[in-house]
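Architecture and fold: a report
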Amino acid sequence: MILEAILAYVHFTAILAMVVFLSSEAALCRIEWMNEALVRRLARVDLLYGLSAIAVLLSGAARVIWGVKGAAWYGANPLLHVKVSLFVVTGLLSIKPTVTYLRWRRALQQTGSLPPADEVKSTRRLVMIQAHLLPLIPLAAVFLARGYGSR
């Protein structure tokens, strides 16, 4: 029982960190606020978002493997596959902003230029799509935890 509680705590903490860093990206990625410090900050916040996503994935896998319900129970439930699919889609959507932030930081270091407004807008759009998909994952999780989708 203690292991289950610790695994749940680690997973929830990682999820909260992921939400905080994605929300921070959404809040910061605005053309009207763009400056040198913000370009650097976005790259750091995105790194922390990525690390927290890895922590979510690893802690979720630990819950499946070592948790009370076990891998067989989770693996047979289609809601787990919905959760993982949403997580993967969110992760894939995060690739372009990550590459963009790194390019912006490199351009800032080399030429001192700030990103163009249209790039900031399109990058923010991808971040906002992620931010709107992310709450669907715990929605699937609460139904999964209560046995919906079990055969």
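Below you will find a few notes about this structure. On a predicted model such as this, the values are computed, not experimentally measured, just so you know.

Next up on the list: the overall build of the protein. Tallying secondary structure elements over the protein gives six helices and zero strands in all. Summarising its shape, the C-alpha atoms of the protein cover approximately 55 × 25 × 20 Å along the three principal directions. Within the span of the protein, comprising 151 residues, buried residues form 36% of the whole. Sequence-distant contacts in the protein: of pairs separated by 6 or more residues, those separated by 24 or more amount to 82%. Of the accessible surface of the protein, which amounts to about 8800 Å², a share of 71% is contributed by carbon and sulfur atoms. Computed over 16 positive and 7 negative side-chain charges, the separation of the two mean positions in the protein equals 7 Å.

Once that is clear, we can look at helix 6 (residues 136-145). Within the span of helix 6, buried status applies to Ile-137, Ala-140 and Leu-144. Down the axis of helix 6, the buried side of the element spans an arc of 70°, and every buried residue falls inside it. Of the surrounding elements, those touching the buried residues of helix 6 are helix 3 (70-75), helix 4 (78-111) and helix 5 (117-133). One or two steps after helix 6, the chain reaches Gly-147, where phi turns positive at roughly 90°.

Cut-offs used in this document
- Residues numbered from 1 in each chain as written.
- Predicted model: local features only at pLDDT ≥ 70, side-chain atom pairs only at ≥ 80, totals over all residues.
- Heavy atoms only, no water.
- Helix = DSSP H or I, 4+ residues; strand = E, 2+ residues; numbered from the N terminus.
- Buried < 20%, exposed > 50% of the residue type's maximum accessible area, 1.4 Å probe, protein only.
- Contact = heavy atoms within 4.5 Å.
- Areas by Shrake-Rupley, 256 points an atom, 1.4 Å probe, with all protein chains shown as cover.
- Lys, Arg positive; Asp, Glu negative; His and termini not counted.
- Charge placed at Lys NZ, Arg CZ, Asp CG, Glu CD.
- Arc of directions from axis to C-beta.

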